[in-house]
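A structural walkthrough
Here are the chains, one letter per residue:
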Amino acid sequence: MRAVMNTEDGIRTVDVEEPDGDGVRLSVVSAGICGTDVNFAARGVTGYIYGHEFAGVATDGHPYFVEPTIYGGRCEECRAGNVQRCTEPGHGNLGVFSDGGMAEAVVVPEYTLLPLPSGLHVKDACLIEPGAVAWHGVRRAQVLPEERVLIIGGGAIGLLAGATLQWQGRDADLKVRHDHQRAAAERLGIGRPTGSYDVVIDAAGGESSLVDAAEAARPGGRVVSLGVYSDTMQVPGALSLTKELTYVNSMAYGRHHGIRETVEVASMLADRPELTETIITHRFPLEDAAEAFRVAADRKSGVIKVVIEP
């Protein structure tokens, strides 16, 4: 079987053993490249099949998205619906330090499977994962109807955060770096930054974006840290102190009131096909994984989301 791994020569498509063990076997149809994948590859992280954003078709012909969170289900956090905070041994994520979905086939626990709603094709369903990250961050923000929201970062998660707010009947503005990101935002009806904001969502995950967030937030405002920070979060102390800003962290996704956030995102994507059409900008076959990762790392090239199709 062919799969994508990081090697001494960088990202390569290599021969691996067929997956086995307990679970459901899927033929993978789509696997998105996350910024985390790009960063791990650049840092030389090896030893497993990449890919935590993926969807495929089971042997019975039914298509599924795979929610990659591995959890025990018995700890206090799991029982509360926060499966991403599982404290039991063996918790983690498929495709993050364990074999993921950038392969011809996978075997996954049955509880990770999410049947796809009508209107969402399996080739686009890998976008559910970053969509759920954005959805969870917006829910953590607890935006009130009268509050203004700014999102910093025009990648997939930033755009999907804007779409989530729209889905909930709220407006959002987006601060971007590149022209193609602005074009995508305008196509989706997400506005340009103006003035100060009650809530600022940092979907970029960098020192400069945290500074931008603190500057854009009104006194007493909230900053939601949605990006993945590779080093210590450099919160701007003077602005945070004088404005008395509140910082809210958001990680992955879970359940609330018994509802999987991935289910809510799947419904949104099925109802708004322009989201996948706008956000998925590049598709590559499995054999071209090295080029796919190169393109995903070059934000100036017009890329937003790169998908590998085994």
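Before reading on, note that the structure itself is shown above.
Residues numbered from 1 in each chain as written. Predicted model: local features only at pLDDT ≥ 70, side-chain atom pairs only at ≥ 80, totals over all residues. Heavy atoms only, no water.

**With respect to the packing of helix H1 (residues 35-42) against helix H10 (residues 289-297)**
Contact geometry for H1 and H10: axes closest at 10 Å, N-to-C directions at 110 degrees. In this view, H1 runs roughly perpendicular relative to H10, as classed from their interaxial angle. Here H1 contributes Asp-37, Val-38 and Ala-41 to the contact with H10, which in turn contributes Phe-293, Ala-296 and Ala-297. Of the residues contributing to the contact of H1 with H10, the split by class is five nonpolar, no polar and one charged. (Axes fitted to C-alpha atoms, helices over the stretch in contact; angles between N-to-C directions. Helix = DSSP H or I, 4+ residues; strand = E, 2+ residues; numbered from the N terminus. Parallel < 35°, antiparallel > 145°, perpendicular 65-115°, else oblique. Contact = heavy atoms within 4.5 Å. Nonpolar A, V, L, I, M, F, W, Y, C, P; charged D, E, K, R; others polar.)

**Examining the sheet that holds strand E13 (residues 217-225)**
Taken in spatial order, the five strands make up an open sheet running E11-E10-E12-E13-E14, and their pairing is parallel. Edge positions in the sheet fall to strand E11 (173-175) and strand E14 (246-249), since each of these pairs with one other strand and no more. Between one strand axis and the next, the sheet turns by 20 degrees as a mean value, whatever way the strands run. Bridge count between strand E10 (residues 149-152) and strand E12 (residues 197-202): four bridges; the pairing is parallel. Looking across to E12, one finds that Ile-151 is bridged to Ile-201. In the packing of helix H3 (residues 128-141) onto the sheet, the strands contacted are E12, E13 and E14, and the crossing angle to E13 comes to about 145 degrees. The sheet contacts of helix H6 (residues 207-216) involve E10, E11, E12, E13 and E14, and relative to E13 the element is tilted by about 145 degrees. (Pairing = 2+ DSSP bridges.)

**Remarks on the environment of Asp-15**
Within the secondary structure layout, Asp-15 lies in strand E2 (residues 10-15). Those residues in contact with Asp-15, other than ones at most four positions away along the chain, are Met-1 and Arg-2. Engagement of the side chain of Asp-15 in a polar contact is seen with the side chain of Arg-2, the distance being 3.0 Å. (Polar contact = N/O pair within 3.5 Å; in protein donor to acceptor, adjacent residues only side chain to side chain.)

**Concerning unusual backbone geometry**
Of note, the phi angle at Phe-97 is positive, near 70 degrees, even though the residue is not glycine. Structurally, Phe-97 is set in the loop between strand E7 (92-93) and strand E8 (105-108). A positive phi angle, close to 50 degrees, is found at Gln-142, a residue other than glycine. Note that Gln-142 resides in the loop between H3 and E10.

**Some points on the pattern of salt bridges**
Scanning the model with the defined rule gives 20 salt bridges in all. Close ionic contact of Glu-53 with Lys-305 constitutes a salt bridge, the shortest N to O distance being 3.0 Å. Residue Glu-53 is found in strand E4 (residues 53-58), and its partner Lys-305 is found in strand E18 (residues 305-309); the two are separated by 252 residues along the sequence. Among the charged side chains, a network of salt bridges with common partners joins Lys-123, Asp-124, Arg-283 and Glu-309. (Salt bridge = Lys/Arg side-chain N within 4 Å of Asp/Glu carboxyl O.)

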